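Examination of the molecular architecture
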Amino acid sequence: MTRRVAIAAGIALACAVSASAASSAAAAGAPAGSSKAAADAKAPAPKAGDMVKVAAGEHVPVYPPSPEEAVIPMKAFELDRLPVTNRDYLAFVTKHPKWRRGRVPGLLADHRYLEHWKGPLEIGAEADPDAPVTRVSWFAAKAYCEAQGKRLPTENEWEYAAAASATSPNGRSDPAFTARLLEWYSKPTPKVFPKVARGEPNYWGLHDMHGLVWEWVLDFGSTMVSSDSREDGDPDKMRFCGASAINAGDKDDYAAFMRYAFRSSLQGPYTVGNLGFRCAR
Amino acid sequence: MKPWILALALLFPAAAFAAEGHPTLPASQVETGGDSLYVLDGKLTDQDGKEVTLEKFRGKPVLISMFYATCPHACPMLVSDIRKIDTRLDPAIREELQVVLVTFDPDRDSPEVLRNLRAAHEVDKDRWTFLRADHGFVRELAAVLGIRYRFTPDGSIGHSSVITLLDRDGAIAARVEGVRQPADDIVRKLNAMKK
(Lines give C-alpha, C1' and ligand atoms only; values in the text may rest on other atoms or scores of the structure.)
Protein backbone atom coordinates (compact mmCIF):
# COMPACT_ATOMS: atom_id res chain seq x y z
CA MET A 1 0.00 0.00 0.00
CA THR A 2 2.74 2.37 0.92
CA ARG A 3 4.42 1.56 -2.34
CA ARG A 4 1.27 2.31 -4.29
CA VAL A 5 0.99 5.70 -2.69
CA ALA A 6 4.62 6.38 -3.47
CA ILE A 7 4.14 5.43 -7.09
CA ALA A 8 1.02 7.52 -7.48
CA ALA A 9 2.51 10.49 -5.68
CA GLY A 10 5.65 10.26 -7.73
CA ILE A 11 3.66 10.46 -10.90
CA ALA A 12 1.55 13.19 -9.40
CA LEU A 13 4.63 15.31 -8.89
CA ALA A 14 5.01 15.50 -12.63
CA CYS A 15 1.30 16.21 -12.78
CA ALA A 16 1.08 17.33 -16.34
CA VAL A 17 0.61 16.05 -19.80
CA SER A 18 1.99 16.54 -23.23
CA ALA A 19 -0.07 16.92 -26.33
CA SER A 20 2.70 15.72 -28.56
CA ALA A 21 2.75 12.47 -26.64
CA ALA A 22 -1.01 12.39 -26.86
CA SER A 23 -1.21 12.78 -30.58
CA SER A 24 1.60 10.41 -31.38
CA ALA A 25 0.25 7.81 -28.99
CA ALA A 26 -3.23 8.20 -30.38
CA ALA A 27 -1.92 7.91 -33.91
CA ALA A 28 0.03 4.81 -33.02
CA GLY A 29 -2.69 3.23 -30.91
CA ALA A 30 -5.97 3.92 -32.67
CA PRO A 31 -6.81 1.08 -35.00
CA ALA A 32 -8.56 1.82 -38.25
CA GLY A 33 -12.04 0.47 -38.32
CA SER A 34 -15.70 1.25 -38.29
CA SER A 35 -15.77 2.88 -34.84
CA LYS A 36 -17.73 6.03 -34.18
CA ALA A 37 -14.47 7.85 -33.59
CA ALA A 38 -13.02 6.76 -36.88
CA ALA A 39 -16.15 7.96 -38.64
CA ASP A 40 -15.94 11.29 -36.82
CA ALA A 41 -12.29 11.65 -37.73
CA LYS A 42 -13.34 11.99 -41.34
CA ALA A 43 -15.80 14.74 -40.44
CA PRO A 44 -14.86 18.41 -40.89
CA ALA A 45 -12.43 19.86 -38.34
CA PRO A 46 -14.20 20.56 -35.04
CA LYS A 47 -15.04 24.19 -34.32
CA ALA A 48 -15.18 26.07 -31.06
CA GLY A 49 -18.36 25.32 -29.16
CA ASP A 50 -19.23 22.20 -31.19
CA MET A 51 -20.85 19.62 -28.97
CA VAL A 52 -21.27 15.89 -29.18
CA LYS A 53 -23.89 13.73 -27.54
CA VAL A 54 -22.63 11.30 -24.95
CA ALA A 55 -25.17 8.51 -24.75
CA ALA A 56 -26.90 7.31 -21.59
CA GLY A 57 -25.28 4.36 -19.91
CA GLU A 58 -23.71 3.13 -16.73
CA HIS A 59 -20.70 4.80 -15.19
CA VAL A 60 -18.48 2.70 -12.96
CA PRO A 61 -16.49 5.29 -11.05
CA VAL A 62 -12.96 4.32 -10.23
CA TYR A 63 -13.61 6.09 -6.97
CA PRO A 64 -17.16 5.28 -5.85
CA PRO A 65 -17.93 7.41 -2.82
CA SER A 66 -20.21 4.76 -1.35
CA PRO A 67 -21.08 1.10 -2.02
CA GLU A 68 -24.45 2.23 -3.39
CA GLU A 69 -22.65 4.28 -6.02
CA ALA A 70 -20.46 1.57 -7.50
CA VAL A 71 -22.51 1.80 -10.69
CA ILE A 72 -24.08 5.14 -11.55
CA PRO A 73 -26.84 5.38 -14.16
CA MET A 74 -26.01 8.25 -16.50
CA LYS A 75 -28.45 10.26 -18.56
CA ALA A 76 -27.39 11.36 -22.03
CA PHE A 77 -25.78 14.79 -22.18
CA GLU A 78 -23.86 16.98 -24.56
CA LEU A 79 -20.23 17.91 -24.09
CA ASP A 80 -18.00 20.35 -25.95
CA ARG A 81 -15.91 18.52 -28.51
CA LEU A 82 -12.91 20.68 -27.60
CA PRO A 83 -11.54 22.33 -24.50
CA VAL A 84 -12.26 26.08 -24.42
CA THR A 85 -9.34 27.84 -26.13
CA ASN A 86 -7.57 31.13 -25.45
CA ARG A 87 -9.33 32.54 -28.52
CA ASP A 88 -12.76 31.48 -27.22
CA TYR A 89 -11.98 32.91 -23.81
CA LEU A 90 -10.76 36.20 -25.26
CA ALA A 91 -14.14 36.61 -26.99
CA PHE A 92 -15.82 35.99 -23.63
CA VAL A 93 -13.81 38.55 -21.65
CA THR A 94 -14.19 41.05 -24.49
CA LYS A 95 -17.94 40.75 -24.15
CA HIS A 96 -17.97 40.46 -20.35
CA PRO A 97 -15.58 43.05 -18.90
CA LYS A 98 -16.09 41.87 -15.32
CA TRP A 99 -14.11 38.71 -16.16
CA ARG A 100 -11.07 40.53 -17.56
CA ARG A 101 -7.77 40.12 -15.80
CA GLY A 102 -7.38 42.91 -13.28
CA ARG A 103 -11.12 43.27 -12.75
CA VAL A 104 -12.04 39.92 -11.25
CA PRO A 105 -12.26 40.06 -7.45
CA GLY A 106 -9.81 37.86 -5.56
CA LEU A 107 -12.75 36.00 -4.10
CA LEU A 108 -13.49 34.60 -7.56
CA ALA A 109 -10.01 34.17 -9.06
CA ASP A 110 -6.57 34.26 -7.50
CA HIS A 111 -3.80 36.66 -8.49
CA ARG A 112 -2.44 34.41 -11.24
CA TYR A 113 -5.64 34.50 -13.28
CA LEU A 114 -4.67 34.63 -16.99
CA GLU A 115 -1.22 35.83 -16.00
CA HIS A 116 0.34 34.21 -19.08
CA TRP A 117 -1.65 36.52 -21.37
CA LYS A 118 0.12 39.66 -22.53
CA GLY A 119 -2.75 41.88 -21.49
CA PRO A 120 -6.37 41.71 -20.32
CA LEU A 121 -7.47 41.65 -23.97
CA GLU A 122 -4.31 40.34 -25.59
CA ILE A 123 -3.18 36.73 -25.63
CA GLY A 124 0.44 37.42 -26.64
CA ALA A 125 3.32 35.08 -27.39
CA GLU A 126 3.15 32.97 -24.23
CA ALA A 127 -0.06 31.28 -25.34
CA ASP A 128 -1.38 29.94 -28.63
CA PRO A 129 -4.86 31.29 -29.43
CA ASP A 130 -5.94 27.75 -30.36
CA ALA A 131 -4.51 26.12 -27.27
CA PRO A 132 -6.74 25.44 -24.25
CA VAL A 133 -7.19 28.41 -21.96
CA THR A 134 -5.65 27.74 -18.55
CA ARG A 135 -5.19 29.78 -15.38
CA VAL A 136 -8.92 30.29 -15.07
CA SER A 137 -10.79 29.77 -11.83
CA TRP A 138 -13.85 27.59 -11.32
CA PHE A 139 -15.99 30.70 -10.98
CA ALA A 140 -14.68 32.02 -14.31
CA ALA A 141 -15.17 28.67 -16.06
CA LYS A 142 -18.70 28.41 -14.70
CA ALA A 143 -19.50 31.96 -15.84
CA TYR A 144 -18.08 31.24 -19.31
CA CYS A 145 -20.26 28.17 -19.77
CA GLU A 146 -23.36 29.95 -18.49
CA ALA A 147 -22.72 32.80 -20.93
CA GLN A 148 -22.93 30.20 -23.73
CA GLY A 149 -26.17 28.78 -22.37
CA LYS A 150 -24.23 25.77 -21.11
CA ARG A 151 -22.81 24.57 -17.78
CA LEU A 152 -19.76 22.80 -16.46
CA PRO A 153 -19.99 18.99 -16.62
CA THR A 154 -20.35 17.12 -13.37
CA GLU A 155 -17.44 15.00 -12.21
CA ASN A 156 -19.40 11.85 -13.11
CA GLU A 157 -20.20 13.16 -16.58
CA TRP A 158 -16.60 14.11 -17.23
CA GLU A 159 -15.20 10.81 -16.00
CA TYR A 160 -17.84 8.83 -17.89
CA ALA A 161 -16.98 10.63 -21.14
CA ALA A 162 -13.25 10.40 -20.48
CA ALA A 163 -13.34 6.65 -19.92
CA ALA A 164 -13.78 6.19 -23.66
CA SER A 165 -10.86 5.12 -25.78
CA ALA A 166 -10.82 5.76 -29.51
CA THR A 167 -12.81 2.62 -30.16
CA SER A 168 -14.83 1.87 -27.04
CA PRO A 169 -17.04 3.85 -24.64
CA ASN A 170 -15.04 2.23 -21.86
CA GLY A 171 -11.34 1.90 -22.54
CA ARG A 172 -10.39 1.42 -18.95
CA SER A 173 -10.08 -2.32 -19.26
CA ASP A 174 -7.63 -1.81 -22.12
CA PRO A 175 -4.13 -1.85 -20.59
CA ALA A 176 -2.73 0.07 -23.55
CA PHE A 177 -5.23 2.89 -22.97
CA THR A 178 -4.53 3.23 -19.25
CA ALA A 179 -0.79 2.92 -19.74
CA ARG A 180 -0.91 5.74 -22.28
CA LEU A 181 -2.71 8.01 -19.81
CA LEU A 182 -0.05 7.45 -17.19
CA GLU A 183 2.63 8.14 -19.74
CA TRP A 184 0.98 11.47 -20.56
CA TYR A 185 0.65 12.32 -16.89
CA SER A 186 4.35 11.78 -16.36
CA LYS A 187 5.40 14.42 -18.89
CA PRO A 188 6.13 17.94 -17.74
CA THR A 189 3.85 20.81 -18.68
CA PRO A 190 5.04 22.50 -21.85
CA LYS A 191 5.78 26.20 -21.57
CA VAL A 192 3.32 27.01 -24.31
CA PHE A 193 0.49 24.51 -24.81
CA PRO A 194 -0.08 23.16 -28.32
CA LYS A 195 -3.30 23.64 -30.25
CA VAL A 196 -6.40 21.60 -29.46
CA ALA A 197 -7.66 18.74 -31.65
CA ARG A 198 -4.26 17.62 -32.91
CA GLY A 199 -4.90 13.98 -32.06
CA GLU A 200 -7.76 11.64 -32.75
CA PRO A 201 -11.08 12.00 -30.98
CA ASN A 202 -12.30 9.39 -28.53
CA TYR A 203 -15.28 7.11 -29.08
CA TRP A 204 -17.77 9.95 -28.50
CA GLY A 205 -15.92 12.33 -30.80
CA LEU A 206 -14.33 14.29 -27.97
CA HIS A 207 -10.83 15.65 -28.41
CA ASP A 208 -8.19 16.17 -25.75
CA MET A 209 -10.02 14.64 -22.80
CA HIS A 210 -6.57 13.34 -21.93
CA GLY A 211 -3.18 14.45 -23.00
CA LEU A 212 -3.43 18.22 -22.96
CA VAL A 213 -4.77 19.85 -19.79
CA TRP A 214 -6.76 18.94 -16.68
CA GLU A 215 -10.31 20.25 -16.64
CA TRP A 216 -12.65 21.84 -14.11
CA VAL A 217 -15.91 20.09 -13.26
CA LEU A 218 -19.00 21.55 -11.61
CA ASP A 219 -18.68 19.57 -8.39
CA PHE A 220 -14.90 19.32 -8.09
CA GLY A 221 -13.74 17.55 -4.98
CA SER A 222 -17.16 16.58 -3.72
CA THR A 223 -16.39 12.88 -4.02
CA MET A 224 -14.12 13.22 -1.03
CA VAL A 225 -17.12 14.25 1.03
CA SER A 226 -18.13 10.76 1.79
CA SER A 227 -17.04 9.68 5.20
CA ASP A 228 -19.51 8.46 7.71
CA SER A 229 -18.65 11.32 9.93
CA ARG A 230 -20.10 9.88 13.06
CA GLU A 231 -17.87 6.85 13.18
CA ASP A 232 -15.63 6.67 16.23
CA GLY A 233 -12.00 7.37 15.62
CA ASP A 234 -12.56 9.07 12.31
CA PRO A 235 -10.52 12.26 12.17
CA ASP A 236 -13.27 13.77 10.05
CA LYS A 237 -15.81 12.83 12.67
CA MET A 238 -17.07 16.31 13.32
CA ARG A 239 -16.55 17.75 9.89
CA PHE A 240 -19.08 15.96 7.78
CA CYS A 241 -22.74 15.15 7.78
CA GLY A 242 -23.09 12.14 5.52
CA ALA A 243 -23.83 8.50 5.44
CA SER A 244 -21.40 6.70 3.20
CA ALA A 245 -17.90 5.34 3.14
CA ILE A 246 -15.10 5.68 0.67
CA ASN A 247 -14.53 2.51 -1.27
CA ALA A 248 -12.06 2.46 -4.03
CA GLY A 249 -13.11 0.58 -7.14
CA ASP A 250 -10.42 -0.27 -9.62
CA LYS A 251 -7.28 0.54 -7.71
CA ASP A 252 -5.14 0.04 -10.77
CA ASP A 253 -6.47 3.08 -12.58
CA TYR A 254 -3.96 5.47 -11.06
CA ALA A 255 -4.69 8.10 -13.69
CA ALA A 256 -8.28 8.44 -12.55
CA PHE A 257 -7.20 8.45 -8.90
CA MET A 258 -4.86 11.29 -9.66
CA ARG A 259 -7.67 13.29 -11.23
CA TYR A 260 -9.95 12.79 -8.22
CA ALA A 261 -7.17 13.69 -5.81
CA PHE A 262 -6.15 16.72 -7.85
CA ARG A 263 -9.71 18.00 -8.01
CA SER A 264 -10.20 17.54 -4.31
CA SER A 265 -7.17 19.74 -3.67
CA LEU A 266 -8.72 22.63 -5.60
CA GLN A 267 -10.62 25.63 -4.32
CA GLY A 268 -12.97 27.74 -6.44
CA PRO A 269 -10.65 30.75 -6.93
CA TYR A 270 -7.55 28.69 -7.79
CA THR A 271 -5.99 29.16 -11.20
CA VAL A 272 -3.50 26.55 -12.35
CA GLY A 273 -1.17 26.55 -15.35
CA ASN A 274 -2.42 23.23 -16.69
CA LEU A 275 -6.08 23.40 -15.69
CA GLY A 276 -8.67 24.38 -18.28
CA PHE A 277 -12.28 23.37 -18.94
CA ARG A 278 -14.99 22.58 -21.44
CA CYS A 279 -18.76 22.97 -21.15
CA ALA A 280 -21.71 20.59 -21.07
CA ARG A 281 -25.43 20.84 -21.66
CA MET B 1 -11.31 6.69 5.08
CA LYS B 2 -8.74 4.14 4.01
CA PRO B 3 -5.28 5.24 5.10
CA TRP B 4 -3.69 5.00 1.67
CA ILE B 5 -6.41 7.12 0.10
CA LEU B 6 -6.01 9.67 2.84
CA ALA B 7 -2.27 9.66 2.23
CA LEU B 8 -2.79 10.22 -1.47
CA ALA B 9 -5.23 13.03 -0.79
CA LEU B 10 -2.79 14.64 1.60
CA LEU B 11 0.17 14.26 -0.69
CA PHE B 12 -1.56 15.54 -3.74
CA PRO B 13 -2.21 19.15 -2.90
CA ALA B 14 1.44 19.58 -2.08
CA ALA B 15 2.42 17.91 -5.31
CA ALA B 16 -0.05 19.82 -7.41
CA PHE B 17 0.71 23.20 -6.01
CA ALA B 18 4.31 23.08 -4.90
CA ALA B 19 5.41 24.74 -8.09
CA GLU B 20 2.43 27.04 -8.16
CA GLY B 21 3.08 28.71 -4.84
CA HIS B 22 -0.59 28.61 -3.99
CA PRO B 23 -1.75 29.83 -0.63
CA THR B 24 -4.13 27.58 1.20
CA LEU B 25 -7.50 29.17 1.12
CA PRO B 26 -9.18 30.48 3.12
CA ALA B 27 -6.63 31.08 5.90
CA SER B 28 -4.66 33.40 3.64
CA GLN B 29 -7.83 35.27 2.83
CA VAL B 30 -8.38 35.83 6.48
CA GLU B 31 -4.89 37.28 6.87
CA THR B 32 -5.22 39.64 3.93
CA GLY B 33 -8.70 40.75 4.79
CA GLY B 34 -10.04 38.84 1.81
CA ASP B 35 -12.70 40.02 -0.54
CA SER B 36 -16.31 40.84 -0.02
CA LEU B 37 -18.89 38.13 -0.52
CA TYR B 38 -21.16 40.92 -1.63
CA VAL B 39 -19.66 40.75 -5.12
CA LEU B 40 -21.88 37.68 -5.52
CA ASP B 41 -25.10 38.95 -7.00
CA GLY B 42 -27.09 35.71 -7.00
CA LYS B 43 -30.69 35.90 -5.86
CA LEU B 44 -31.88 34.13 -2.74
CA THR B 45 -35.30 33.71 -1.19
CA ASP B 46 -35.86 33.99 2.55
CA GLN B 47 -38.15 32.05 4.86
CA ASP B 48 -40.95 34.53 4.14
CA GLY B 49 -40.66 34.04 0.38
CA LYS B 50 -38.98 37.43 -0.08
CA GLU B 51 -36.20 37.73 -2.68
CA VAL B 52 -32.90 39.09 -1.35
CA THR B 53 -29.21 39.30 -2.22
CA LEU B 54 -26.40 38.92 0.29
CA GLU B 55 -25.78 42.64 -0.08
CA LYS B 56 -28.71 43.09 2.28
CA PHE B 57 -26.42 42.23 5.18
CA ARG B 58 -23.74 44.81 4.39
CA GLY B 59 -22.85 47.01 7.32
CA LYS B 60 -23.39 44.36 9.98
CA PRO B 61 -21.25 41.48 11.21
CA VAL B 62 -22.56 38.20 9.83
CA LEU B 63 -22.19 34.54 10.73
CA ILE B 64 -22.96 32.54 7.62
CA SER B 65 -23.20 28.79 7.15
CA MET B 66 -24.94 26.16 5.06
CA PHE B 67 -27.26 23.34 6.09
CA TYR B 68 -30.36 21.46 4.95
CA ALA B 69 -33.59 20.93 6.79
CA THR B 70 -33.72 17.12 6.80
CA CYS B 71 -30.12 16.80 7.97
CA PRO B 72 -30.18 14.43 10.92
CA HIS B 73 -27.05 15.24 12.91
CA ALA B 74 -24.56 17.88 11.89
CA CYS B 75 -27.04 20.63 11.02
CA PRO B 76 -28.84 20.77 14.38
CA MET B 77 -25.39 20.78 15.99
CA LEU B 78 -24.40 23.63 13.70
CA VAL B 79 -27.35 25.72 14.87
CA SER B 80 -26.49 24.93 18.45
CA ASP B 81 -22.85 25.92 17.85
CA ILE B 82 -23.92 29.28 16.46
CA ARG B 83 -26.18 29.86 19.45
CA LYS B 84 -23.28 29.12 21.72
CA ILE B 85 -21.18 31.74 19.96
CA ASP B 86 -24.09 34.14 20.26
CA THR B 87 -24.35 33.71 24.02
CA ARG B 88 -20.66 34.51 24.47
CA LEU B 89 -20.89 37.88 22.73
CA ASP B 90 -20.85 41.33 24.17
CA PRO B 91 -24.54 42.39 24.18
CA ALA B 92 -23.75 45.40 21.99
CA ILE B 93 -22.34 43.22 19.20
CA ARG B 94 -24.93 40.50 19.68
CA GLU B 95 -27.62 43.04 18.95
CA GLU B 96 -26.03 43.75 15.59
CA LEU B 97 -25.03 40.23 14.58
CA GLN B 98 -26.90 38.66 11.69
CA VAL B 99 -27.01 34.87 11.36
CA VAL B 100 -27.49 33.64 7.79
CA LEU B 101 -28.15 29.97 7.00
CA VAL B 102 -28.40 28.88 3.37
CA THR B 103 -29.80 25.49 2.44
CA PHE B 104 -28.02 23.04 0.12
CA ASP B 105 -31.41 21.66 -0.79
CA PRO B 106 -33.63 24.21 -2.57
CA ASP B 107 -35.82 21.45 -4.01
CA ARG B 108 -37.07 20.32 -0.64
CA ASP B 109 -36.46 23.38 1.53
CA SER B 110 -39.27 25.72 0.53
CA PRO B 111 -39.75 29.02 2.34
CA GLU B 112 -42.37 27.31 4.46
CA VAL B 113 -39.95 24.56 5.50
CA LEU B 114 -37.37 27.22 6.34
CA ARG B 115 -39.90 29.25 8.29
CA ASN B 116 -40.96 26.21 10.30
CA LEU B 117 -37.36 25.32 10.95
CA ARG B 118 -36.59 28.78 12.23
CA ALA B 119 -39.64 28.59 14.50
CA ALA B 120 -38.60 25.14 15.74
CA HIS B 121 -35.18 26.41 16.72
CA GLU B 122 -36.74 29.34 18.56
CA VAL B 123 -34.14 31.79 17.35
CA ASP B 124 -34.35 35.58 17.23
CA LYS B 125 -36.39 36.34 14.10
CA ASP B 126 -34.85 39.77 13.74
CA ARG B 127 -31.33 38.38 13.53
CA TRP B 128 -31.61 34.90 11.99
CA THR B 129 -32.36 34.49 8.30
CA PHE B 130 -32.88 31.16 6.52
CA LEU B 131 -32.32 31.29 2.77
CA ARG B 132 -32.61 29.19 -0.36
CA ALA B 133 -31.21 29.79 -3.84
CA ASP B 134 -30.98 27.89 -7.12
CA HIS B 135 -28.50 25.04 -7.34
CA GLY B 136 -26.00 27.12 -9.31
CA PHE B 137 -25.78 29.84 -6.70
CA VAL B 138 -25.69 27.31 -3.87
CA ARG B 139 -22.56 25.86 -5.52
CA GLU B 140 -20.98 29.29 -5.84
CA LEU B 141 -21.67 30.14 -2.25
CA ALA B 142 -20.31 26.81 -1.06
CA ALA B 143 -17.19 27.43 -3.14
CA VAL B 144 -16.48 30.85 -1.61
CA LEU B 145 -17.09 29.47 1.87
CA GLY B 146 -14.88 26.44 1.22
CA ILE B 147 -17.75 24.02 1.87
CA ARG B 148 -17.83 20.69 0.02
CA TYR B 149 -21.10 18.86 -0.47
CA ARG B 150 -22.78 16.25 -2.58
CA PHE B 151 -26.12 14.54 -2.89
CA THR B 152 -26.13 10.85 -2.03
CA PRO B 153 -28.47 8.18 -3.44
CA ASP B 154 -30.42 7.88 -0.17
CA GLY B 155 -31.45 11.53 -0.38
CA SER B 156 -29.07 12.83 2.26
CA ILE B 157 -26.43 15.42 1.52
CA GLY B 158 -22.84 14.84 2.54
CA HIS B 159 -21.30 18.17 3.44
CA SER B 160 -18.61 19.78 5.49
CA SER B 161 -19.75 22.16 8.21
CA VAL B 162 -18.14 25.57 8.27
CA ILE B 163 -19.20 28.67 10.18
CA THR B 164 -17.80 31.81 8.59
CA LEU B 165 -17.63 35.27 10.11
CA LEU B 166 -18.02 38.16 7.67
CA ASP B 167 -16.98 41.65 8.63
CA ARG B 168 -19.17 44.65 7.97
CA ASP B 169 -17.96 44.78 4.36
CA GLY B 170 -18.66 41.10 3.72
CA ALA B 171 -15.03 39.95 3.81
CA ILE B 172 -14.19 36.68 5.52
CA ALA B 173 -12.79 37.53 8.95
CA ALA B 174 -12.67 34.08 10.55
CA ARG B 175 -14.02 30.60 10.09
CA VAL B 176 -14.43 27.45 12.13
CA GLU B 177 -14.56 24.11 10.39
CA GLY B 178 -16.53 21.21 11.88
CA VAL B 179 -19.19 21.04 14.54
CA ARG B 180 -18.48 21.20 18.28
CA GLN B 181 -15.18 22.95 17.58
CA PRO B 182 -13.69 25.79 19.63
CA ALA B 183 -14.93 29.12 18.32
CA ASP B 184 -12.79 31.41 20.45
CA ASP B 185 -11.33 33.12 17.39
CA ILE B 186 -14.75 34.01 16.06
CA VAL B 187 -15.96 35.22 19.43
CA ARG B 188 -12.85 37.38 19.90
CA LYS B 189 -13.06 38.89 16.44
CA LEU B 190 -16.77 39.54 16.74
CA ASN B 191 -16.37 41.29 20.06
CA ALA B 192 -13.61 43.39 18.51
CA MET B 193 -16.06 44.57 15.83
CA LYS B 194 -17.99 46.55 18.41
CA LYS B 195 -18.33 50.12 17.23
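Residues numbered from 1 in each chain as written. Chains lettered and ligands numbered in written order. Predicted model: local features only at pLDDT ≥ 70, side-chain atom pairs only at ≥ 80, totals over all residues. Heavy atoms only, no water.

Counting along an α-helix, one turn takes 3.6 residues, and residues three or four places apart therefore face a common direction. Residues and elements named next belong to chain A. Taken together, the buried positions of helix 7 (residues 175–185) are occupied by F177, T178, R180, L181, W184 and Y185. Along the axis of helix 7, the buried positions cluster into a sector of 155°, meaning they face one direction only. The N-capping residue of helix 7, defined by a side-chain oxygen 3.0 Å from the backbone nitrogen of A176, is D174. (Buried < 20%, exposed > 50% of the residue type's maximum accessible area, 1.4 Å probe, protein only. Helix = DSSP H or I, 4+ residues; strand = E, 2+ residues; numbered from the N terminus. Arc of directions from axis to C-beta. Polar contact = N/O pair within 3.5 Å; in protein donor to acceptor, adjacent residues only side chain to side chain.)

Residue and element names in this part refer to chain B. What the seven strands build is an open sheet, ordered 2-1-5-4-3-8-9; its pairing is mixed. The open sheet has two edge strands with one neighbour each: strand 2 (51–52) and strand 9 (172–177). Here five bridges tie strand 8 (residues 162–166) to strand 9, and the two strands are oriented antiparallel to one another. In the sheet register, I163 faces strand 9, and the bridge partner there is V176. In this fold helix 6 (residues 135–145) packs onto strand 1 (44–46), strand 3 (62–67), strand 4 (98–103), strand 5 (128–133), strand 8 and strand 9, with an angle of close to 120° to the strand it touches most, strand 3. The strands that helix 7 (residues 184–192) touches are strand 3, strand 8 and strand 9; relative to strand 9, the one it contacts most, it runs at about 155°. (Pairing = 2+ DSSP bridges. Contact = heavy atoms within 4.5 Å. Axes fitted to C-alpha atoms, helices over the stretch in contact; angles between N-to-C directions.)

Another aspect to go through is the confidence of the model for chain A. Residue and element names in this part refer to chain A. On average, residues of chain A score 78 in pLDDT, and 74% of them are at 70 or above. Confidence over residues 37–41 falls short of pLDDT 50; this stretch has nine contacts with residues more than four positions distant or in other chains. Predicted confidence for residues 226–248 stays below pLDDT 50, and this span has 73 contacts to residues more than four positions away or in other chains. (pLDDT = per-residue confidence, 0-100.)

Next up on the list: the nonpolar core. Judged by nonpolar contacts, the single largest core of 117 residues is most densely connected at Y89(A), W99(A), Y113(A), F277(A) and L190(B). Ignoring sequence-local partners within four residues, the contact set of Y113(A) consists of Y89(A), V93(A), W99(A), R100(A), R101(A), V104(A), R135(A), V136(A), S137(A), A140(A) and T271(A). With six residues, the next largest nonpolar core counts L82(A), F193(A), V196(A) and L212(A) among its residues. (Core = buried A, V, L, I, M, F, W, Y, C linked by side-chain atoms within 4.5 Å.)

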